[in-house]
Every structure is written in structure tokens, then in C-alpha cells.
Amino acid sequence: MKKIPIFIIVLICATTTFSQKVDSISFHLYTDSLKKGQHNYINVDGKLTNGRWLPLTAKEVILSCSEAQFEGNELIIPADFKEEKVTIRAVLKSNPVMAIEKTIWIKKKPDDEWLPTKNDVINNTAPNKNKRNNKSQLTDS
């Protein structure tokens, strides 16, 4: 019996693994609004013909937005951005007919939330800067 070199087996497995075609694409966003002055990751997934989902990057999709700039999968919203929302578009490079659009709102409230450090949590010494929680602490004691 003739032995098949291992690299040929790996090559065949890799070819069959990646031969699945993208059946559809979808946005699976991590948030319901985008933040100003930050890089906002836009998650685009492709549903393969076998039903599995595959994360897509700027290598597989063209991401665009007329109101802001993309760097790879990250949408950069300037700190002085005036619009209330943006519309993003993703087009599959291997099949330009497959495209999706989504309108996403821009967060209006500032990020003034304070998070405790690891030591604060361990020592239970975290000052509570949330007014609502301060009121409940006053009534509990």
C-alpha cells in the first residue's frame, strides 16, 4: 500500500473546508449605537451553504459609509460628528450582488460612567459615583 504524504492530506482537507460558499451576509453588531471619537467595530458575518456562520473582514467585504471612514472593519466616528445616525453598507467581494445596508444611531450621552478597579472590587472600597445607587445605599443602612 502506498503512503500519501501528510501535506497532501492537509491540503485536501483545507480545500474542502474553505470551498463552502457564502449564501448570505448579515450585520451582527455588538451595540445599538456608535460612539463618537472611537473606532467602532462593525461585525459582518457570512452564512455558508452548510448553515455555519463565518466572520468576514475587509478582505472578504467592502465596507462603506458616506458619513464616516472605515479602517478595515472599524468605523471611525469623529469626536465632532454632528449627524444623528449613519448608514453603512457591506458588499461581498466574491459576489457584488450580495449587499446589505443598515442605519445605526450615534450615541448622544457622554461616557461618564466610572468603573471600579480590581482592588476596589476585592476590598469592597469602590466609591459609588452613580447617584441612583448612592440613594439606595443611604436607605439601606
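Presented here is a report on the structure given in the accompanying data block. (Residues numbered from 1 in each chain as written. Predicted model: local features only at pLDDT ≥ 70, side-chain atom pairs only at ≥ 80, totals over all residues. Heavy atoms only, no water.)

1. Structural notes on the pattern of salt bridges
The following threshold applies: For this document, the term salt bridge refers to a Lys or Arg side-chain nitrogen within 4 Å of an Asp or Glu carboxyl oxygen. The helix count covers DSSP runs of H or I at least four residues long, the strand count covers runs of E at least two residues long, and both are numbered beginning at the N terminus. Categorising residues by exposure relies on relative accessible area from a 1.4 Å probe, with only protein chains included: less than 20% of the type maximum marks a residue as buried, more than 50% marks it as exposed, and the intermediate range marks it as partly exposed.
All chains considered together, the criterion is met by two salt bridges. Between Lys-108 and Glu-84 there is a salt bridge, with the nearest N and O atoms lying 3.7 Å from each other. Taken together, the residues span a long stretch of sequence, with Lys-108 in the loop between strand 10 (99-106) and helix 2 (118-123) and Glu-84 in the loop between strand 8 (74-77) and strand 9 (85-92) at a distance of 24 residues. Glu-84 gets classed as partly exposed once you look at its relative accessible area, which sits at 45%.

2. Regarding the sheet that holds strand 10
To be explicit about the condition: Strand pairing is defined by DSSP finding a minimum of two bridges between the two strands.
Spatially, four strands are ordered 2-10-9-6 in an open sheet, and the strand pairing comes out mixed. Of all the strands in the sheet, the pair left with one neighbour each is strand 2 (33-34) and strand 6 (61-65). Here strand 6 pairs with strand 9 via five bridges, running antiparallel. When the bridges of strand 9 are listed, Ser-64 appears paired with Arg-89.

3. A word on the sheet that holds strand 1 (residues 22-27)
As a general point, the strands of a sheet are linked pairwise by backbone hydrogen bonds and lie either parallel or antiparallel. The following threshold applies: Note on method: axes are straight lines fitted to C-alpha atoms, helices fitted across the in-contact stretch only, with angles between N-to-C directions ranging 0 to 180 degrees.
Reading across the sheet, the three strands line up as 1-4-5 and stay open at both edges, with antiparallel pairing between neighbours. Sheet topology places strand 1 and strand 5 (53-56) at the edges, where each strand pairs with a single neighbour. Here the strands of the sheet are splayed against their neighbours by 30° on average, with no regard to which way each runs. As paired elements, strand 1 and strand 4 (residues 44-48) share five bridges and run antiparallel to each other. Its bridge partner lying in strand 4, Phe-27 is registered against Val-44.

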